[in-house]
Each structure stands twice: as structure tokens, then as C-alpha cells.
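So the chains spell out like this:
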Amino acid sequence: MSVALNIDTIQNTVTLLQMVPEESRLLALQNLCQNNGGRWDYAADLPTVHQPCLYEIQVFGVPAMATDKQDLPRNWLRAASNILEAAGIAPPQPERPRFEVVS
């Protein structure tokens, strides 16, 4: 089974997530997933026997997994960048802060 990916949406999502402060990316990714029909598969953080070994997410057809949920945004961005590169598109690079030299 093949899935048609919307490359423009993936590219825009990568750009958006790169603009979000790193400590807020997990919440931003969760919101994108829940509001756009993605999959957000992980149990509550309560200590139980059934605690998952992997956290999984899929948004806009791009899946990612991590053993620590804080790694999901980085892993999703990496997977999305790989898809963009395979489509012949250079993944958006995060903007570097511009500093003004004051004498």
C-alpha cells in the first residue's frame, strides 16, 4: 500500500516546528497531530506494567518513534527531512539568530 504525501504540507510543518522553541515542540507536534487527523499513540505517563517501550506519532503521513517522548519532535523532523530529501527538496534550515554588532 502506498500513501500520497503532501510535500508542501510536510515542508511547511518542518518550518513551523523549527520556529517553535525546542521545549515547546512536543506540545506543538501533539496539537498538529490531534488537529489534523494524525496518530498519537502513547499511554499516560503513569507507572504501570503496560507502559510502552516506544512512543509513536504520525502526522501528515510522516511517522516517528522514540523511547523517550521528548525525542519525538527531533525524530519526526528527521523523518520529514528524509522524505523531503527523497523528493529532491532541500529541507528547510532553522533560521540562525541575527546579531547586531554594537561598537
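Here the structure is a predicted model, which means the values were calculated and not measured. Each chain carries its own residue numbering, running from 1 in the direction its sequence is written. Restriction of local features to residues with pLDDT of at least 70 applies here, the model being predicted, together with a cutoff of 80 or more for giving and counting side-chain atom pairs; totals for whole chains, interfaces and linings are based on all residues. Water and hydrogen atoms play no part in the side-chain values, which are based on all heavy atoms of the structure.

1. Quick word on the sheet that holds strand S3 (residues 62–66)
Just so we agree on the cut-off: When DSSP locates at least two bridges between a pair of strands, those strands are taken to pair. Labels follow the DSSP assignment, with helices taken as runs of H or I lasting at least four residues and strands as runs of E lasting at least two, numbered in each case from the N terminus. Fitted lines through C-alpha atoms give the axes, limited to the stretch in contact for helices. The angle between two N-to-C directions lies from 0 to 180 degrees. Pairs of residues are marked as contacts when any of their non-hydrogen atoms sit within 4.5 Å.
One open sheet holds the three strands; their spatial order is S1-S2-S3, and the pairing between them is antiparallel. Edge positions in the sheet fall to strand S1 (39–41) and S3, since each of these pairs with one other strand and no more. Direction aside, the axes of adjacent strands within the sheet are offset by 10° on average. Summarising the sheet, strand S2 (residues 55–59) and S3 pair through five bridges and their orientation is antiparallel. By the bridge assignment, Glu 56 is partnered in S3 with Met 65. Sheet strands in contact with helix H3 (residues 72–86) are S1, S2 and S3, and its direction is about 145° off that of S3.

2. Here's the deal with the nonpolar core
Quick reminder of the rule: Joining through side-chain atoms within 4.5 Å is the link that ties buried Ala, Val, Leu, Ile, Met, Phe, Trp, Tyr and Cys residues into a set, and such a set is a nonpolar core. Type-normalised accessible area, obtained with a 1.4 Å probe on protein chains alone, sets the label of each residue: buried when under 20%, exposed when over 50%, and partly exposed for intermediate values.
Core analysis: the biggest nonpolar cluster contains 22 residues, and Ile 10, Val 14, Leu 17, Ile 57, Leu 72 and Trp 76 have the highest contact counts within it. For this core, the elements supplying multiple residues, two or more each, are helix H1 (7–19), helix H2 (25–35), S2, S3 and H3. The element best represented in this core is H3, accounting for six residues. Residues within four places of Leu 17 in sequence aside, it is in contact with Arg 25, Ala 28, Leu 29, Leu 32, Trp 76 and Leu 77.

3. Side note on the environment of Pro 73
Counting through the fold element by element, Pro 73 comes out in helix H3. Remark: the alpha-carbon pair of Pro 73 and Gln 18, spanning 55 residues in sequence, is separated by 9.7 Å. Setting aside anything within four residues of it in sequence, one finds Pro 73 in contact with Arg 25, Leu 26 and Leu 29.

4. Section: the packing of H1 against H2
Stated formally: Note: crossing handedness is left-handed where the near helix turns anticlockwise from the far helix by less than a right angle, and right-handed where it turns clockwise. Amino acids are sorted into nonpolar (Ala, Val, Leu, Ile, Met, Phe, Trp, Tyr, Cys and Pro), charged (Asp, Glu, Lys and Arg) and polar (every other residue, Gly among them).
Packing of H1 against H2 brings their axes to within 9 Å, and their N-to-C directions diverge by 150°. The element H1 and its partner H2 pack so that their crossing is right-handed. Here Thr 13, Leu 16, Leu 17 and Gln 18 of H1 come into contact with H2, specifically with Arg 25, Ala 28, Leu 29 and Leu 32. Classifying every residue of the contact of H1 with H2 by side-chain character gives five nonpolar, two polar and one charged.

5. Digging into the confidence of the model for the protein
Applicable threshold: The quantity known as pLDDT measures the predictor's confidence residue by residue, on a range of 0 to 100.
On average, residues of the protein score 83 in pLDDT, and 77% of them reach the 70 mark or higher. Within the protein, S1 has the poorest average pLDDT of any element, 84, and H3 the best, 94.

6. Section: unusual backbone geometry
Backbone geometry at Phe 60 places phi at a positive 55°, although glycine is not the residue there. Relative to the helices and strands, Phe 60 resides in the loop between S2 and S3. The exposure class of Phe 60 is partly exposed, given its relative accessible area of 24%.

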